[in-house]
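Structure at a glance
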Amino acid sequence: MDKLVSLCQRRGFIFPSSDIYGGLSGCWDYGPIGIELKRNVKEAWWRDIVQQRDDMVGVDTSILMNSRVWEASGHIASFKDPLVECKNCHLRWKADELKENKCPSCGGALTEERMFNTMFKTFIGPVEEDAAIVYLRPETAQGMFVNFQNVVNTARKRLPFGIAQQGSAFRNEITTGNFIYRVREFELMEFEYFVKPGTQDKWFEYWLNERYEWYQKLGIKKNHLKLHRKKKEDLAHYAIAGADIEYDFPMGWGELEGIASRGDFDLTQHAKTSGKSMEYFDDETKEHYVPYVVEPSLGVGRAILAFLCDAYDEETVNDELRVVFHFHRDIAPIKVAVLPLSRKENLAAFAKDVYDTLRPCFTTQYDDTQAIGRRYRRQDELGTPYCVTIDFQSLEDNMATIRERDSMNQIRVPVAALKNTLLAKLSGEDLFVLPEGGKIWKQGNDG
Ligand code: GAP
């Protein structure tokens, strides 16, 4: 983990928040490379969950909500952690995570347990009084529940269907740590899948399986994932069944994504508290009922940490250490780097033309600093799948070299075919495509 944290800082993935002031615990900033990685992870999820499915729609609801939402959802009463404090060093700990009844830091005695609500409070308007209290949402889910009827009335979806959302959430965690694993401000990607009561177990299993496969499709190794079905006593206050997809993080197995069968808890609670009906009219069976809900919920940072850990690799090449992120092409922050062999004017102009052709299609970097070997290493550390090298021969034959990150194989491709070749490779095809009118050819065939 230490190596990962330092590489992430050195290469512009992730920095401690408010770094120049000594940081703020549980808060992190994404740098120029990290933001590309984050956008790609969110986009992959949105594409697969919302855009590629007929039974899903997206929303983007506000972070601040009427406080009665949190009363109805049970968060004011139940979103609590058991807190203990060391009588000696005054560090605070989550009681249910301690192995022994003493302070893990100094061994001091601990206070009695007390329950601590982990929602952040703030105030609407200038007067800090009870009536003005609002909460920073600890989950995005409630924004989807309270919009259930709005979506049913406007999106013309029949059950089963889902509402999906990505957005910030805040939890005043007692202990944070393990880099971006447990933080106080994070983004969630979650959806509420509404089903006919009685069919929830089938859909729960369906989504467990879908979500488990999703990580593997994006390159996570199967043996680094496992499913943990929760016992009744470990379920959140709203759940009737639940399971976690766990990842083998450097500090051990930990929750990556939670999948909960929430029954009709939330819609029923909102109907009771607001006085508004949350029933659905099933026009096939002519019944009115409150749908049940299956909810897969994933922290963007947890997903990023799993993708970083899984892609990280060290190998020795020509007696030198090569550090590389083997990111899946959809996740890689930079897709292509254009590297002119020298800064000489005619070569630079040629390489800039190539760069201008590629950058509308891919997140592309232009790098003309240092020796070419060092530039390859730098791109390996960013996880860039393809480097395009322009050399003096390119000026003669209009060909460029594509260097592939994982195999380090190099192939010569006509400059006019670069864009289509990279487009094909970055869509997962193993073909090199010549410009219009040309033949399609495979690696090893130089005809
Ligand atoms: N709406 C359901 C819900 O929020 P959760 O299990 O409390 O469920 C869902 O959280 C996911 O959010 C977790 O599986 C994890 O990926 C992420 N998550 C939760 N707390 C987090 C924290 N303090 N820091 C980073 N990610 C967190």
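Residues numbered from 1 in each chain as written. Predicted model: local features only at pLDDT ≥ 70, side-chain atom pairs only at ≥ 80, totals over all residues. Heavy atoms only, no water.

Turning next to the site of the ligand. The environment of the ligand is formed by 21 residues, the closest being E139, E173, E190, E255 and L256. In the model, a nitrogen atom of the ligand is placed 2.7 Å from a nitrogen or oxygen of the E190 side chain. Between an oxygen atom of the ligand and a side-chain N or O atom of E255, the distance comes to 2.5 Å. In the complex, the protein chains occlude 91% of the 550 Å² of accessible area that the ligand would expose alone. Counting residues per element, the ones that place at least two in the shell around the ligand are β10 (185-195), β13 (252-263) and β16 (292-299). Considering every element that reaches the shell around the ligand, the biggest residue donor is β13, with five residues. Across the shell around the ligand, the residue classes break down as eight nonpolar, three polar and 10 charged. (Near = heavy atom within 4 Å. Polar contact = N/O pair within 3.5 Å; in protein donor to acceptor, adjacent residues only side chain to side chain. Areas by Shrake-Rupley, 256 points an atom, 1.4 Å probe, with all protein chains shown as cover. Helix = DSSP H or I, 4+ residues; strand = E, 2+ residues; numbered from the N terminus. Nonpolar A, V, L, I, M, F, W, Y, C, P; charged D, E, K, R; others polar.)

So, on to the packing of helix α2 (residues 32-51) against helix α7 (residues 200-217). The packing of two helices is summarised by the inter-axis angle and the distance between the axes. Two elements in contact, α2 and α7, have axes whose closest approach is 12 Å; the angle formed by their N-to-C orientations is 135°. As far as their axial angle goes, α7 and α2 are oblique. Crossing hand, α2 versus α7: right-handed. The residues of α7 that touch α2, namely those facing V41, A44, W45, R47, D48 and I49, are W207, R211, W214 and K217. (Axes fitted to C-alpha atoms, helices over the stretch in contact; angles between N-to-C directions. Parallel < 35°, antiparallel > 145°, perpendicular 65-115°, else oblique. Left-handed = near helix turned anticlockwise from the far one by under 90°. Contact = heavy atoms within 4.5 Å.)

Here we come to the packing of α2 against helix α9 (residues 300-311). Taken N-terminus to C-terminus, the directions of α2 and α9 make an angle of 110°; their axes are 10 Å apart at the nearest point. When the interaxial angle is binned, α2 and α9 end up roughly perpendicular. Here α2 contributes L37, K38, V41 and K42 to the contact with α9, which in turn contributes V300, A303, I304, F307 and L308. Here the residues of the contact of α2 with α9 sort into seven nonpolar, no polar and two charged.

Take the nonpolar core next. In terms of nonpolar packing, the biggest core is built from 55 residues, with F13, L308 and F327 touching the most fellow members. Contacts of F327, omitting those with residues within four sequence positions, involve F13, L37, F307, L308, A311, A332, P333, L382, G383 and R405. Judged by nonpolar contacts, the second largest core, of 23 residues, contains V338, Y355, L358 and V388. (Core = buried A, V, L, I, M, F, W, Y, C linked by side-chain atoms within 4.5 Å. Buried < 20%, exposed > 50% of the residue type's maximum accessible area, 1.4 Å probe, protein only.)

A word on the sheet that holds strand β4 (residues 80-85). Pairing within the open sheet is antiparallel, and its three strands lie in the order β5-β4-β6. A single partner strand is all that each edge strand has here, and the edge strands are β5 (92-94) and β6 (114-117). Pairs of neighbouring strands in the sheet enclose a mean axial angle of 45°, with direction left out of account. Examined bridge by bridge, β4 and β5 share three bridges and lie antiparallel to one another. Across the sheet, the residue bridging to E85 is R92, located in β5. (Pairing = 2+ DSSP bridges.)

Here the focus is the packing of aromatic side chains. For the structure shown, the criterion picks out 22 aromatic pairs. Ring centres of W45 and W46 lie 6.3 Å apart, and the angle between their planes is 35°; this geometry places the pair in the tilted category. Note on Y193 and W207: the rings are 5.3 Å apart at their centroids and 70° apart in plane angle, and the pair reads as edge-to-face. Taken together, the residues Y193 in strand β10 and W207 in helix α7 connect sequence positions 14 residues apart. Exposure remark for W207: the relative accessible area of 1% places this residue in the buried category. Taken together, the aromatic side chains of W45, W46, F191, Y193, W203, Y206 and W207 make up a single cluster linked through ring pairs. (Phe/Tyr/Trp six-rings, centres within 6.5 Å; stacked < 30°, edge-to-face > 60°.)

All told, the structure shown has 32 salt bridges when counted by the stated rule. Among the ionic pairs, K42 bridges to E187, the shortest N-O distance being 2.5 Å. On the criterion of sequence distance, the pair formed by K42 in helix α2 and E187 in strand β10 is long-range, its members being 145 residues apart. Across the pair D406 and R405 runs a salt bridge whose closest N-O atoms are separated by 2.7 Å. Accessibility expressed as a relative area gives 4% for R405, which makes it buried. Three or more residues are tied together by salt bridges with common partners; here these are E315, R322, R377, D380 and R403. (Salt bridge = Lys/Arg side-chain N within 4 Å of Asp/Glu carboxyl O.)

Our focus in this paragraph is the side chain of H270. Position of H270 relative to the elements: it lies in helix α8 (residues 265-274). Classification of H270 as buried rests on a relative accessible area of 5%. Of note is the side chain of H270, whose polar atom sits 2.7 Å from the side chain of Q142. Leave out the neighbours within four places in its chain, and H270 touches V69, A72, S73, Q142, F145, V146, G275 and M278.

Let us look at the sheet that holds strand β9 (residues 161-170). The strand order β3-β9-β10-β16-β13-β12-β11 describes an open sheet built from seven strands, whose pairing is mixed. Looking along the sheet, the strands with just one partner apiece sit at the ends: β3 (56-58) and β11 (225-229). Averaged over all adjacent pairs, the angle separating strand axes in this sheet is 25°, with direction ignored. Bridge analysis of β10 against β16 gives six bridges, and the strand direction is antiparallel. The residue of β16 that forms the bridge with V195 is Y292. In the packing of helix α6 (residues 148-155) onto the sheet, the strands contacted are β3, β9 and β10, and the crossing angle to β9 comes to about 135°. Its contacts with the sheet place α9 against β10, β12 (241-249), β13 and β16, and it is angled at close to 35° to β12.

A separate point is unusual backbone geometry. Of the consecutive residues L159 and P160, the connecting peptide bond is found in the cis state with omega at -5°. The phi dihedral of S18 is positive, around 50°, even though this residue is not glycine. For S18, a relative accessible area of 33% puts it in the partly exposed group. You will see that Q370, though not glycine, has its phi angle at about 60°, which is positive. Within the secondary structure, Q370 sits in the loop between β20 (364-366) and α11 (372-382).

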